Amino acid sequence: MNIETLLNKKIDEKKQGNILDIKTLIRGNKKLYIESYGCQMNFSDSEIVASILCKENFSTTKNINEADLVFVNTCSIRDKAEQTVRKRLQLYNSIKKTTNPKMVVGVLGCMAERLKEKFLEEEKLVDIVVGPDAYRDLPNLIKQVEDGRKAVNVFLSREETYADISPVRLSGNGVTAFVSITRGCDNMCTFCVVPYTRGRERSRDPKSIINECAKLVSEGYKEVTLLGQNVDSYLWYGGGPKKDYNKASENQKNTSVSFANLLEKVAKINKKLRVRFSTSNPQDMTDDVINIMAKHKNICNYIHLPVQSGSSRILKLMNRGYDREEYIILIDKIKKKIPDCSISMDIITGFCSETDSDHNETLSLMKYVKYDYGYMFKYSERPNTAAEKKYKDDISEEKKQIRLVEIINLQQKQSLENNKNRINKTYEVLIEGVSKKSDLHYYGRTTHNCVVVFEKNNYKIGDYVNVKINDCSAGTLKGKII
Ligand code: 5AD
Ligand code: SF4
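**Q** I'd like a rundown of the overall build of the chain, residues and numbers included.
**A** Check the secondary structure of the chain and you find 17 helices and 21 strands. Over its C-alpha atoms the chain spans a radius of gyration of 24 Å, differing by no more than 12% from the 23 Å that the globule rule assigns to 482 residues. When each of the 482 residues of the chain is scored for burial, the buried share is 54%. For the chain, contacts bridging at least 24 residues in sequence account for 71% of all contacts bridging at least 6. A total accessible area of about 22000 Å² is found for the chain, and carbon and sulfur atoms account for 51% of it.

The following block contains the structure:
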């Protein structure tokens, strides 16, 4: 069929209301709209998904009304995260009924993995359900839907790392990018659903990580964040689950690459490339990692080190693998080797059986560490986790809330104090974008991950500038380029 006949055919179809967007079809181009919730890993996975579908003639759109395919990459970490996704699905439903009847709806990520086929029963609008390790199968699953069937793949892999897939940078400012280095988690914290939704821990081939980072540098990126549920546990010995490392050959063991090795390799790619990583688990963070951070100026002086609770009794119930004293020893070690290192945390309030005295231990630990900032949550019981099976979710919602407000208030106070101590100091800032509040200002971050707002002058996004701090709030520093 020549192009003219094809065009006429499409115009006829359009007249009959079969297709809505002729332009799209002439280019043989379908539109993907993708929304992501939850952790940075989900945002990074969506970039893998976009890459897989770009090879299938899809291009991405920010306008859901013109989308042929709508994906929501979901989070199961707390009940609230799941409710957010349910609300989005309701919205998609109304869009499908009114402005975009042709759209196919798919659910990706942790909620897809947790609910599996049940999703199709619970949300009639959903056509595709795909777990985090099955994205390579998306072209087949989409074909199934085009053939009039619903499609599900929630297979969890022992090896999949998507190492060879070059992500399409979706959220991009062209300056900072996420690079995933591990998938899954073996830690089995009793409150956490991630080991069930993302499967066994495995590491990505360091060569593919280095290549991706080097490519980003050549494209003008200035910062990479190495991503994993538990980055310090990274271990490359030729592929496969971390827990099978002891079955590896002597040669594999001798040539294995640890997180500290990887961090150094990435830092050496280019001195001007800032390197960050997230998330660290206190039980897996080694001295080697701290030493490598201290050695390389371009590895940022910032560690996200979730503590979850300041009470050793609660940490034991959480199966975190460290107690209060060990956590404090680690913090002291970091501060000794990298005096200027900023530290952030995650804390859960109201975990099963948490007493006022446990809660006070959390507050006192916060006072000791003086975190730069933190993410604080009420405990949310997750189906099928060890905590759900073994313990009672016995702290009332009111008590969880009171304790949460208390730790948030303390953190706000400490963040403000820390920021005040930065006034009159000068920091190197990487410019990331235009300030949301003023077109005349940029925002960027210091090595400590502090957000700084300052007048643009003649600089551009992606430049490094020295900014002298003259004002602050709990969340933001303000200053002047010098
Ligand atoms: N309830 C509340 N918070 C949770 N987190 C993980 N699971 C739960 C849960 N069941 C928090 C932890 C973790 C962060 C990513 O989410 O603090 O570090
Ligand atoms: Fe969940 Fe613990 Fe693994 Fe983090 S380390 S993903 S909290 S099981």
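**Q** Residues and numbers for the domain arrangement of the chain, please.
**A** Domain parsing of the chain yields domain 1 (3-153), domain 2 (176-420) and domain 3 (426-481). Each of domain 2 and domain 3 was reduced to a C-alpha centroid, and the two centroids are 26 Å apart. Counting residues at the interface gives 17 residues for domain 2, matched by 18 residues for domain 3. Summed over both sides, the interface between domain 2 and domain 3 buries roughly 1500 Å², with carbon and sulfur atoms accounting for 45% of that surface. If you sort the residues of domain 2 by the area they bury against domain 3, K222, R274 and N419 come out on top, with a joint share of 39%. Where domain 2 touches domain 3, the interface holds one salt bridge. The salt bridge partner of E223 is R445, with a shortest N-O separation of 3.1 Å. Remark: the boundary between domain 2 and domain 3 carries 14 residue pairs in polar contact (both at pLDDT 80 or more). Examining the composition of the side of domain 2 that touches domain 3, we find that five residues originate from one element, helix α17 (residues 397-420), more than from any other. Grouping the amino acids of the side of domain 2 that touches domain 3 by side-chain chemistry returns four nonpolar, six polar and seven charged.

**Q** Please give an account of the site of ligand 1 that cites residues and values.
**A** Near ligand 1, the surroundings consist of I77, R78, F191, Q308, D346, I348, F377, K378, Y379, S380 and R382. Within the backbone of F191, a nitrogen or oxygen atom sits 3.0 Å from a nitrogen atom of ligand 1. Interatomic distance of 2.8 Å between a backbone N/O atom of S380 and a nitrogen atom of ligand 1. Considering ligand 1 on its own, with 400 Å² of exposed area, one finds that the protein chains cover 86% of that surface. Where the shell around ligand 1 is concerned, the elements lending two or more residues are β15 (342-349) and β16 (373-378).

**Q** Residue-level account of the nonpolar core, with values.
**A** Ranked by internal contacts, the top residues of the largest apolar core, which has 64 residues, are L226, F259, L263, F277, M285 and M293. If one sorts the elements of this core by residue count, helix α11 (residues 259-267) sits on top with six residues. Apart from residues lying up to four places away in sequence, F277 is in contact with T225, L226, V231, F259, L263, M285, V289, M293, I299 and I303. Judged by nonpolar contacts, the second largest core, of 23 residues, contains L53, F71, L108 and I165.

**Q** Mind laying out the site of ligand 2, listing which residues take part and the relevant values?
**A** Around ligand 2 sit C185, N187, M188, C189, F191, C192, V194, P195, Q229, N281 and R320, and that is every residue in its neighbourhood. Residues that form the shell around ligand 2 fall into these classes: seven nonpolar, three polar and one charged.

**Q** Explain the pattern of salt bridges residue by residue, including any values.
**A** Counted under the stated rule, the structure contains 37 salt bridges. A salt bridge links E82 to R382, with the nearest nitrogen and oxygen atoms 3.1 Å apart. A residue pair is termed long-range when its members are at least 10 positions apart, and E82 in helix α4 (residues 79-98) and R382 in the loop between β16 and α16 (386-390) qualify at 300 residues. Here E361 ties to R324 by a salt bridge, and the two come within 3.8 Å at their closest N and O atoms. Here E361, found in helix α15 (residues 356-369), pairs with R324, found in helix α14 (residues 324-337); they are 37 residues apart in sequence, far enough to count as distant. With relative accessibility at 28%, the residue E361 sits in the partly exposed group. Overall, R324 belongs to the buried group, its relative accessible area being 14%. One salt-bridge network, held together by shared partners, links D45, D133, R183, R198 and R202.

Reading the values: rules and limits
Residues numbered from 1 in each chain as written. Chains lettered and ligands numbered in written order. Predicted model: local features only at pLDDT ≥ 70, side-chain atom pairs only at ≥ 80, totals over all residues. Heavy atoms only, no water. Helix = DSSP H or I, 4+ residues; strand = E, 2+ residues; numbered from the N terminus. Rg over C-alpha atoms; globule rule 2.2 N^0.38 Å. Buried < 20%, exposed > 50% of the residue type's maximum accessible area, 1.4 Å probe, protein only. Contact = heavy atoms within 4.5 Å. Areas by Shrake-Rupley, 256 points an atom, 1.4 Å probe, with all protein chains shown as cover. Domains from an automatic or database assignment. Buried area = accessible area lost by both parts, 1.4 Å probe. Salt bridge = Lys/Arg side-chain N within 4 Å of Asp/Glu carboxyl O. Polar contact = N/O pair within 3.5 Å; in protein donor to acceptor, adjacent residues only side chain to side chain. Nonpolar A, V, L, I, M, F, W, Y, C, P; charged D, E, K, R; others polar. Near = heavy atom within 4 Å. Core = buried A, V, L, I, M, F, W, Y, C linked by side-chain atoms within 4.5 Å.

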